[in-house]
Number of protein chains: 2
Amino acid sequence: MSDQVERAERFRALHHAPHPLVLPNAWDVPSARTFEDAGFPAIATSSAGLMVSLGYPDGEEMPRRELVRAVERIASRLSVPLSADVVAGYGRTARAVASTVQAMVRAGAVGINLEDGSHATETLAPVASQIAKLKAVRAVADSLSVPLVINARTDALRYAPGDPAAKLREAIARLGAYRDAGADCVYPMGLADAPTISTVVSALGCPVNVMVRPGLPPVPELERLGIKRISFGPAASYAALGLLRRASEEVRVRGTYSLLTDGAITFDELNRLAVPRPA
Amino acid sequence: MSDQVERAERFRALHHAPHPLVLPNAWDVPSARTFEDAGFPAIATSSAGLMVSLGYPDGEEMPRRELVRAVERIASRLSVPLSADVVAGYGRTARAVASTVQAMVRAGAVGINLEDGSHATETLAPVASQIAKLKAVRAVADSLSVPLVINARTDALRYAPGDPAAKLREAIARLGAYRDAGADCVYPMGLADAPTISTVVSALGCPVNVMVRPGLPPVPELERLGIKRISFGPAASYAALGLLRRASEEVRVRGTYSLLTDGAITFDELNRLAVPRPA
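Now for a quick tour of the structure.

What counts and what doesn't
Residues numbered from 1 in each chain as written. Chains lettered and ligands numbered in written order. Predicted model: local features only at pLDDT ≥ 70, side-chain atom pairs only at ≥ 80, totals over all residues. Heavy atoms only, no water. Helix = DSSP H or I, 4+ residues; strand = E, 2+ residues; numbered from the N terminus. Axes fitted to C-alpha atoms, helices over the stretch in contact; angles between N-to-C directions. Parallel < 35°, antiparallel > 145°, perpendicular 65-115°, else oblique. Left-handed = near helix turned anticlockwise from the far one by under 90°. Contact = heavy atoms within 4.5 Å. Least-squares fit on C-alpha atoms with pLDDT ≥ 70 in both. Buried area = accessible area lost by both parts, 1.4 Å probe. Salt bridge = Lys/Arg side-chain N within 4 Å of Asp/Glu carboxyl O. Polar contact = N/O pair within 3.5 Å; in protein donor to acceptor, adjacent residues only side chain to side chain. Nonpolar A, V, L, I, M, F, W, Y, C, P; charged D, E, K, R; others polar. Buried < 20%, exposed > 50% of the residue type's maximum accessible area, 1.4 Å probe, protein only. Pairing = 2+ DSSP bridges. Right-handed = clockwise from strand over helix to strand, strands pointing away.

Topic: unusual backbone geometry
So, step 1. Phi at Y90(A) is positive, roughly 55°, even though this residue is not glycine.
So, step 2. On the secondary structure map, Y90(A) appears in the loop between β4 (82-85) and α5 (94-106).
So, step 3. Although it is not a glycine, S145(B) sits at a positive phi angle of roughly 65°.
So, step 4. Position of S145(B) relative to the elements: it lies in the loop between α6 (127-143) and β6 (149-154).

Section: the packing of α6(B) against helix α8 (residues 164-180) of chain B
All names here are of chain B.
So, step 1. At a closest axis distance of 10 Å, the pairing of α6 and α8 adopts a crossing angle of 30°. Comparing the axis directions of α6 and α8 gives the class roughly parallel. For α6 against α8, the interelement crossing comes out right-handed. Residues V127, Q130, I131 and L134 of α6 lie in contact with α8, whose contacting residues are E170, R174, A177 and Y178.

Some points on the relation of the copies chain B and chain A
So, step 1. Under the fitted operation, chain B is carried onto chain A by 0.0 Å of movement along the axis and a turn of 180°, and the coordinates agree to an RMSD of 0.0 Å. Both copies of the chain, as the preceding transformation shows, are related through a two-fold rotation axis. Looking at the rotation axis and the C-alpha trace of chain B, the residue lying nearest is A240(B), at 2.6 Å.
So, step 2. Take the interface residues of chain B: 100% of them recur as interface residues in chain A, which is what a same-surface contact looks like.

Some points on the interface of chain B and chain A
So, step 1. Contacts between the two partners involve 70 residues from chain B, matched on the other side by 70 residues from chain A.
So, step 2. When the area that chain B buries against chain A is broken down by residue, the three leading residues are Y238(B), Y257(B) and L260(B), summing to 12%.
So, step 3. For the interface between chain B and chain A, the tally reads two salt bridges.
So, step 4. Note that R245(A) and E269(B) form a salt bridge whose closest N and O atoms lie 3.4 Å from each other.
So, step 5. One can count 22 residue pairs in polar contact (both at pLDDT 80 or more) joining chain B with chain A.
So, step 6. Elements that contribute at least two residues to the side of chain B that touches chain A include exactly α2 (29-37), α3 (47-53), α4 (64-76), α10 (219-224), α11 (235-254), α12 (258-261) and α13 (267-272) of chain B.
So, step 7. In terms of residue class, the side of chain B that touches chain A is made up of 43 nonpolar, 16 polar and 11 charged.

Quick word on the pairing of strand β6 (residues 149-154) of chain A
Residues and elements named next belong to chain A.
So, step 1. Burial analysis of β6 places six of its six residues in the buried class, the great majority of the element.
So, step 2. Neither face of β6 is left uncovered, since the one carrying V149, N151 and R153 and the one carrying I150, A152 and T154 both have all their residues buried.
So, step 3. Two elements, strand β5 (residues 111-115) and β6, share five bridges in a ladder whose sense is parallel. Directly across from E115, in β6, lies its bridge partner R153.
So, step 4. Handedness of the crossover joining β5 and β6 through helix α6 (residues 127-143): right-handed.
So, step 5. Bridge count between β6 and strand β7 (residues 185-188): four bridges; the pairing is parallel. Bridge pairing in β7 links N151 to C185.

Notes on the pattern of salt bridges
So, step 1. For the structure shown, the criterion picks out 28 salt bridges over all chains.
So, step 2. With a closest N to O distance of 2.9 Å, E6(A) and R10(A) form a salt bridge. Taken as a pair, E6(A) and R10(A) lie in helix α1 (residues 2-13) at a separation of four residues, close to a single helical turn.
So, step 3. Overall, E6(A) belongs to the partly exposed group, its relative accessible area being 36%.
So, step 4. Judged by relative accessible area, which is 31%, R10(A) ranks as partly exposed.
So, step 5. One salt bridge in this structure joins R33(B) and E36(B), with 3.1 Å as the shortest N-O distance. Separated by three residues within a single helix, R33(B) and E36(B) lie in helix α2, roughly one turn from each other.
So, step 6. Using a relative accessible area of 2% as the deciding quantity, one classes R33(B) as buried.

So far we have only geometry, and geometry alone does not tell us how the molecule works.
In C-alpha cells:
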C-alpha cells in the first residue's frame, strides 16, 4: 500500500504544478502503456473507451466487477499513477458508491472520476445526494489510508434546465459544493471555450479539468487560463477507431495497406506493451 | 447452432470466391465492429492484438478461459462469421487442442487458426503431432456439427533449419500434410514476395493465406497470384498504437490535439460499436 500512497501523492501534486497536468485516458493495457512510454506522468481510464472495448455502451450497463477487473489489469501494468472513471459510482446510495471506490482503490487506482449525470435519463443527481457520495468516497479512501484524488464531474452544462447562462450558474454552484465536500479537482463536462473557462476557473479557485475535443484551446492557452488538468476523455478511442475505418476503406477500395503499415509499431514493441515498463 | 452452421458455410465459401477474402483481424469488440461496418464479410481475431490488449504477451501465457471469454465477447456482438486464433491450441496433446477448439466453437467461432511454431522456444512441433492435432480438431468440429474452417499455419519459413530454400521446402511439405489432415486453408507465416507466393500456391492447390506487412503486394496482385485469403494479422493493432504514439508526441511537444480529433469517430458512433449492428 505504501507504493500506492506515494503514487496518490504524486498524482495529487501534478494538479498543483506550474504547468497543467495533461492526462491521457486509456481503455486497455497497451493504450495505457503507450501513453506511459510517451512520457505522461499519470494515466486515467475513459469509461466510454474502456466499456465499449469490452462490449458495453458507456454508462453502468457493464457489471461493476468487470470494470474493477479492467482497472486492476491496467493498474498492474503501469508504473505511473492511474485514475479510474467510475461513472456515477454504481450506486444510488453514498454507501454503494463508496463501496465501488473502495474496490477501485484495491484494484490499484489512486484517483477517481465521479459524475452527477445519468447517461440513461440525461438528468442530474440531486446536489445533496452527490455531496453525500463525495463525502463517503473521501471517508472510504481515508479508511484505506490512500490520499485518493477525487475529480468531481458535473454534467450541468448539458443536463441542467434553462439557457446556457443558467446551465453555467448551476455548473459552478455544483462544482463549488463538490469542492467543499472534498473533491480535489472539478470537471465541468462540455467546457471548451476560453471565456467560459476563465469564468469557471475564477469562480472556483481549485483545479479545473477540461477534456480534449475539437475547438479546445491548445495546452499553453489553457495554462494561461488557469486550467490544471487536461484529459483526453474518449478522444484517443475515437481517433484509433477512425484510423481503422480509414484503413479499412483503403484496403477495400484501393487494395493497399499504407494506413495499416505506415507509422505502425512492431511486433516486439506490441508485446512490450503487455507488461510493465522496465525500471 | 443452425445460425452458426450457416456462418461457417458462408465463411468457407469466401475461401473459394473469385476474389480473395480480405480478413481483418480485430482484438476487441469495437475494432471488430468497425471492420464489420466497413463491409468486410468476416472477421478474425489477432492473438497478439487480443492478448496484449488484455495484458498478456502473444503466445499462451494468457489463460485459455480468458481467451475463450474474449472470443465469445466479440462473436456475440458480430453478425458476420468470426475466426479465432488459438495459437498452438493450448495443449501438448491432440485431445487438449481439440478441447480448446471445442470451447472456441461454443464461444461462437466458425473458424480457427492453429500454428505449429512455439513462441517461447522458436521451434516447430513435430509434423506427426501437428497432423494429429488437426485431425482431432476436424473430428471435434464434426461432433458439434459445425463445418469449422481450419486455417493451418506453419512457422517453418522462420523456424525450420537451413537456408531459405530449405525452409520453403519444409513449409510446403508441412502445409501439404496439414491440408491432407483436414485444413481448409494454409498459412505460411512470413510469406510476402510474389515469386515465393506463386511457388507455394502452385505447390499446394488449396486456399493460401498471407498476412499484411510492409512490402506485401496489393490485393489485385495477390489475386493474380492465386491467393485466397489476406489477413491483417496484428497490423491494425500496430497501426492504432502507432497513432496513439504520434498523437501523444503532438500533445506533449506542440500542445495541440489534431491527431486526436481529425478523422475521429464520435461518441454516438463509439457507443454503437459496443452492440450488434442493427439488422
